[in-house]
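Fold and contact review
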Amino acid sequence: MAGETRWLEPDELAAWMSLAALMFKLPGVLDYQLQRDSGLTHFEYLVLAGLSESPGRSRRMSDLAGFANGSLSRLSHVVKRLEQRGFVERRPAEEDGRITVARITDAGYEILVAAAPGHVTTVREYVIDALTPEQLAQLKVIADQLLAKVDPGRPC
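Reading guide: rules and limits
- Residues numbered from 1 in each chain as written.
- Predicted model: local features only at pLDDT ≥ 70, side-chain atom pairs only at ≥ 80, totals over all residues.
- Heavy atoms only, no water.
- Helix = DSSP H or I, 4+ residues; strand = E, 2+ residues; numbered from the N terminus.
- Buried < 20%, exposed > 50% of the residue type's maximum accessible area, 1.4 Å probe, protein only.
- Contact = heavy atoms within 4.5 Å.
- Areas by Shrake-Rupley, 256 points an atom, 1.4 Å probe, with all protein chains shown as cover.
- Lys, Arg positive; Asp, Glu negative; His and termini not counted.
- Charge placed at Lys NZ, Arg CZ, Asp CG, Glu CD.
- Core = buried A, V, L, I, M, F, W, Y, C linked by side-chain atoms within 4.5 Å.
- Expected span 1.5 Å × (residues − 1).

1. A word on the overall build of the chain
When helices and strands are counted, the chain shows six helices and three strands. Over its C-alpha atoms, taken along the principal directions, the chain stretches across nearly 55 × 40 × 25 Å. Counting every position in the chain, which comprises 156 residues, the buried fraction comes to 26%. Across the chain, contacts joining residues at least 24 apart in sequence account for 51% of those joining residues at least 6 apart. In the structure as shown, the chain presents an accessible area of about 10,700 Å², 58% of it carried by carbon and sulfur atoms. Of the charged side chains in the chain, 18 are positive and 21 negative; the average position of the first set lies 5 Å away from that of the second.

Spelled out as C-alpha cells, the structure:
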C-alpha cells in the first residue's frame, strides 16, 4: 500500500460503525425469525425464493448462487440439505449435462409460501416501516451504489 492511510473522519467513522452494526445484526434478526417460525435459514429462504420466481421453478446452480449472494460451494451444501428435506431436486441441464439445475418441489414451494408472511412482516418491521418513503428511496440508491463497488457485475 503506497501512500499514507486516509483515516476516517469522525462523521465517516460514525456512519461506518452504524453500517457495520446493521450488517452484523440484521441478518441475525431475519435468520432468527425464519428459523423460529419455519425451520429455514435466511439463505435457505433466499434459495427457495430464487427458485420459485424462476421459469419452471428451476435455475442453474451458478445463477442461483448469484441470486442468493452465496458461493457455489455454500449453495451446494445448502441445496443438499434442502434436497434431504424434500424441498429441492437437482438434475443435469437438458442442454448441457455438465451444468446442474435445481428445482423447487411442491413441498419446498409450500414451506416457502408458509414462511413468506412472517418474513415480510419482519422485513417491514425492521427496515421498511423504520424509514420514511424518502429515506427508503435513498436507501435503494445508496445500497445500489455500494453494491456496484462490491459486486460490479451484479445488475442493480
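Having put the structure on the table, let's press on.
2. Re the nonpolar core
Of all hydrophobic cores here, the largest spans 22 residues; its most connected members are Leu40, Val47, Leu48, Leu51, Leu75, Leu82 and Val88. The greatest single-element share of this core, amounting to six residues, is contributed by helix 2 (residues 42–52). The residues touching Leu40, leaving out its near neighbours within four places in the chain, are Asp31, Leu34, Gln35, Tyr45, Leu48, Leu82, Arg85, Phe87, Ile111 and Ala115.

3. Quick look at helix 1 (residues 10–38)
An α-helical turn contains 3.6 residues, so any two residues separated by three or four positions project in the same direction. An ideal rise of 1.5 Å per residue puts 42 Å on 29 residues; helix 1 measures up with 42 Å between its terminal C-alpha atoms. Looking only at helix 1, the buried set comprises Leu26, Leu30, Gln33, Leu34 and Ser38. Gly39 occupies a position one or two residues after helix 1 and carries a positive phi of about 75°.

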